[in-house]
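A closer look at the structure
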Amino acid sequence: MTISLRNRRAATATALALASLAALAGTATPASASGRATATATAATATATALLPASAAALKPASPAASGDPAVPAALTLPRPTGPYATGRDTLFLTDHERTDPWVPAAGARQLLVSLHYPARPGSGGDPAPYMPEAEARLMLAQRGLDDPEWPGLVAATRTFSRTDARPAPGRFPLVLLSPGFGTPRATLTGLAEELASRGYVVATADHPYESTGTELPDGRVLTCAACDEVDAQPDDAGRRKVLAAVSAGRAADFSFLLDRLTGPRPAWRHARTIDARRVGMAGHSIGGNAAASTMAADRRVDAGVNMDGTFFDPVAARGLDGRPFLMLGTDPDHAPGAGDTSWNEGWARLDGFKRWLTVRDSGHFTFTDTPAIGEQLGIVDPDAPLSAARSTTITRAYVTAFFDRSLRGRPARLLDGPTPAHPEVLFQRP
């Protein structure tokens, strides 16, 4: 599902800001990392509009519902995790009283909503955890120009494989932090979180308020994307890049606070004893991938990072990351060496530990999230990203898990040594 708008007249400020981000990140003609403007918001909007399916029929589900209505699938489901552990999920709502919200100061202290996925004892727990609130699904779909009235409920009810109130599996496990893309709810990384939890990781995925199309708080209030409006208000690409760099740096502060609350002397999570605080990694999609590098630069507790198709609006620290490992996993050719996003070339040169630069043929910006799996079930096609949902899921899971197994557990990861016939779409870049 490409970031897309039905038409310019119907575009909201949020949609325009996200289209501008898509342009800056390489979907349209990119701007250089130095801030020279080569794409405008108008061009971004036109590009996003052009990426819509050719006809309304292309947005129809591919299979009929049990109810007999051919326009609505019966149910949506995430791909099943492949690891040996059952998985549980908790939710935390945290307040950082030391910081004021950077986007809406009148809101007071910075707050975070966090999903905790963890290895669980088989057969324990209650119902499968919900995917996302319907209000969040409605806003996310509307931003992308997908206004079928049935779809928000379907997306919100997507079946997950983690159970609420599940008892943790015995032992202590490495912690992986996950950060979603700009304007995107944390739920869109659920499939990856469940996979990592099933393989023996505790996974903390954060929603950053006012940086998503919608974040529903425990009291029912829904916060929309004030940061998107701030991006859209900028007069040029240099201004937009400056705001997006602040988004990434701000997320670093969010995750340092989250680490304090998960691994400090008075942890906020009831199962915090299952976390091995000596082994911490971070991965993110889009701006969340940039935030992985920003967090590593700001917080020595994070031992390894993954950027999934994110522009380094906040550049990799000039001093490097103190020898810590980092994986860049992106689209091909948009994130190949010398392609539009020059921030990857510059970031690669500064990374000073074990590093890999991988690109994936036929992929799109949302390949590394739940979007392909959910979109394919709804019959949504993206002609610019023909990689199937099954292959998108398999590749993302395989390489992210192999990287963290190597970096946090010291396990051999032959998958990272070079190309393999099992994954012909994955290219190893060696600039």
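Residues numbered from 1 in each chain as written. Predicted model: local features only at pLDDT ≥ 70, side-chain atom pairs only at ≥ 80, totals over all residues. Heavy atoms only, no water.

1. A closer look at the environment of V155
For V155, the location among the structural elements is in helix α4 (residues 151-156). Separated by 18 residues in sequence, V155 and A137 place their C-alpha atoms 6.3 Å apart. The residues contacting V155, other than those within four sequence positions of it, are L76, Y131, M132, A137, M140, L141, I374 and L378. (Helix = DSSP H or I, 4+ residues; strand = E, 2+ residues; numbered from the N terminus. Contact = heavy atoms within 4.5 Å.)

2. A closer look at the nonpolar core
Soluble globular proteins tend to bury their nonpolar side chains together. Residues V114, L175, L177, L258, L262, W269 and F326 are the most contacted members of the largest nonpolar core, which totals 39 residues. In this view, W269 contacts D90, L92, L116, Y118, V202, R261, L262, T274 and I275; residues no more than four positions away in its chain are not counted. (Core = buried A, V, L, I, M, F, W, Y, C linked by side-chain atoms within 4.5 Å. Buried < 20%, exposed > 50% of the residue type's maximum accessible area, 1.4 Å probe, protein only.)

3. Focus on unusual backbone geometry
In the segment running from D332 into P333, the intervening peptide bond is cis, with an omega of 15 degrees. Considering the arrangement of structural elements, one finds P333 in the loop between β10 (326-332) and α9 (342-350). Unlike most non-glycine residues, D322 shows phi in positive territory, near 55 degrees. Here D322 lies in the loop between β9 (304-308) and β10. In this structure D322 comes out as partly exposed when scored by relative accessible area, which is 40%. Positive phi is not limited to glycine here, since D362 has a value of about 65 degrees. With respect to the helices, strands and loops of the structure, D362 is situated in the loop between β11 (355-361) and α10 (371-377).

4. Details of the pairing of β11
Both faces of the sheet carry side chains from a regular strand, because those side chains alternate between them. Burial analysis of β11 places six of its seven residues in the buried class, which makes it a mostly covered element. Pairing of β10 with β11 involves seven bridges; the strand directions are parallel. For M328, the partnering residue across the bridge sits in β11 and is W357. Handedness of the crossover is the feature at issue here: the chain leaves β10, passes through α9, returns alongside β11, and the resulting connection is right-handed. Where β11 meets strand β12 (residues 426-428), three bridges bridge the pair, whose relative direction is antiparallel. In the sheet register, T359 faces β12, and the bridge partner there is L427. (Pairing = 2+ DSSP bridges. Right-handed = clockwise from strand over helix to strand, strands pointing away.)

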